[in-house]
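Okay, here's what each chain looks like letter by letter:
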Amino acid sequence: MGLLRWMRVAGRGGWWRPRLVSLRTTFAVSFATVTAVVTVLVGILSYGAAARLVRVDQQSVFDEVVQDLRVEVSERRMVPEDFSSAPGHDFVRPARTDVQVLGPDGGVVDPGSPGLPVTDADREIAGAAGAGALAQHEDVDVGDDVYRVATVALGGGRGAVQVAQEFSDTEDLLRALQQRTLLLMAAVVVGAGLFGWWLARRITRRLVILTSAAEAVARTRRLGIDVPVTGSDEVGRLGRAFDRMLGRLAQSEEDQRRLVQDAGHELRTPLTSLRTNISLLRRIDELPPGTRDELVADLGQEARELTDLVNELVDLAAGQSDSEPPQRVDVADLAEDVAGLARRRTGRQIEVRASGDTTTEGRPGMLTRALSNLVENAAKFDADGTAPIEIVVSGPARPGAIRVEVHDRGPGIADADLVRVFDRFYRAADARSLPGSGLGLSIVREVALAHGGAPFAYGREGGGAVIGFTVGGGLA
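For the chain, an unreviewed UniProt entry supplies the name histidine kinase and the organism Streptomyces spinoverrucosus. The heading Catalytic activity (unreviewed entry) in the UniProt record of the chain holds the text "ATP + protein L-histidine = ADP + protein N-phospho-L-histidine." The Subcellular location (unreviewed entry) comment attached to the chain in UniProt states, word for word, "Cell membrane".

Q: Break down the UniProt feature "transmembrane region" (unreviewed entry) in the chain for me, citing the residues and quoting the values.
A: In the numbering adopted here, UniProt assigns the feature "transmembrane region" (unreviewed entry) to residues 27-50 and 182-200. With 100% helix and 0% strand, residues 27-50 has its two end C-alpha atoms placed 34 Å apart.

Q: Help me get a handle on a nonpolar patch on the surface, residues and values and all.
A: A surface patch of nonpolar side chains, amounting to about 250 Å² of accessible area, comprises Val 34, Val 38 and Val 42. With respect to the secondary-structure elements, Val 34 resides in helix H1 (residues 23-75). Look at Val 34 and you get exposed, because its relative accessible area is 51%.

Q: How would you sum up the pairing of strand S5 (residues 134-142)? Please name residues and give values.
A: In the sheet, S5 pairs with strand S6 (residues 145-153) via seven bridges, with the strands oriented antiparallel. Each residue of the ladder has a partner; that of Asp 141, found in S6, is Val 146. In textbook terms, the turn of a hairpin is the stretch between consecutive antiparallel strands, and for S5 and S6 this stretch comprises two residues, one of which, Gly 143, has a positive phi near 65°.

Q: An account of the packing of helix H6 (residues 331-346) against helix H7 (residues 364-381) is needed here, citing residue identities and associated values.
A: At a minimum axis distance of 9 Å, the contact between H6 and H7 shows a crossing angle of 45°. In terms of their interaxial angle, H6 and H7 are classed as oblique. Here H6 runs over H7; the crossing is right-handed. Of the residues in H7, those in contact with Val 331, Leu 334, Ala 335, Val 338, Ala 342, Arg 345 and Thr 346 of H6 are Pro 364, Leu 367, Thr 368, Leu 371, Ser 372, Val 375, Glu 376 and Ala 379. Each residue belonging to the contact of H6 with H7 can be placed in one class, and the counts come to 10 nonpolar, three polar and two charged.

The rules behind each value
Residues numbered from 1 in each chain as written. Predicted model: local features only at pLDDT ≥ 70, side-chain atom pairs only at ≥ 80, totals over all residues. Heavy atoms only, no water. UniProt positions renumbered as here; feature names shortened; annotations may be inferred. Helix = DSSP H or I, 4+ residues; strand = E, 2+ residues; numbered from the N terminus. Patch = residues over 30% accessible without salt bridge, like charges linked within 9 Å, V, L, I, M, F, W, Y side chains within 5 Å. Areas by Shrake-Rupley, 256 points an atom, 1.4 Å probe, with all protein chains shown as cover. Salt bridge = Lys/Arg side-chain N within 4 Å of Asp/Glu carboxyl O. Buried < 20%, exposed > 50% of the residue type's maximum accessible area, 1.4 Å probe, protein only. Pairing = 2+ DSSP bridges. Axes fitted to C-alpha atoms, helices over the stretch in contact; angles between N-to-C directions. Parallel < 35°, antiparallel > 145°, perpendicular 65-115°, else oblique. Left-handed = near helix turned anticlockwise from the far one by under 90°. Contact = heavy atoms within 4.5 Å. Nonpolar A, V, L, I, M, F, W, Y, C, P; charged D, E, K, R; others polar.

Pasting the structure below:
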């Protein structure tokens, strides 16, 4: 992937502009840019402060030298010879300064090293009557150097003393400091860019792996790709979430595939029977009246079974959907509603017993479907029974965990069938003659799992069965 990708900007005259496309490159460039801006600002401010301090210090030293000279000539009667550089004179020349002595007429009596230019103002100061009179000059060119010069009158027309401080050497020092500062800033910016690139590679390495995995899934449509997950930071959490998402999608795809295969298998039998009976309808006029009635009854029964199977398949598919919004529900109230509807449909006596806190976070439509399937299953297998069907809803001490049981006095469930009774389309041997598709209890299992619970079934003491589920472990 290149550093830049040219992107056409719509609605702006068709011009093109570059756009960063790599998160790693964006991070590295951003890091280097921020570092460069900070470094430049710090460098400029540091150099400006240092240069200002140096110039102020140099100016202060020069002003102090000039002021001391003015005090000295004002307190003592001095002549040009007192400032001579010849041996035998005790005048102490300040460090890093050049001293030149002028006579009463402004002529040079003792030249400095190097010699300083003498202006009319300097000659006027040399002939001044008052000691300490001052004339100052800035940016005086002396050869290849620049000086600041102050001329101090000795008084009484006896001459003057010129004191000069080289200004160019300070500027040379500051220019050298400036160059070194620029080199240091450039080195810091380059180092920051390299460090930013290394840091960006380290930070985005796992993101690149996740991106590759996502692209592989999109390209191959295989959900079983391994996603390397490391670390406990946000990237690690993203990797684990992505891995769990792929796992759930793979499981959903597998469930869908198995549902289609099982549905196709179960639909073949009633469809084959329907085709056979329909072919017999072509010769219905040739059949005896009793056979005709049996044929019509078989067609009606097969149509009802096929309708029930399709409806349960739709319910099972809907049970796998999370489209219904969860809300706070009272499972005992749902059980009362289901019991009332079942009483009207079957004419059976159905009792509801509730204890404890039976409220939880759930999807009422799914829970109602699961309860209805349990009650209809109990009524179907205990069709000739006179004992009431019981719905028991209990909330134990642990908040939110609810147990739902449906008790019947039917033939019960064989031990060999207990482990498979919730499988799709599974029907025990003694139940295959009864109507139904074998999907009712599998829907109960899907609803329980979707609500963080589990289904269960066992034989009832004294005959019959207890089938139910738990909810309240958290919506899946």
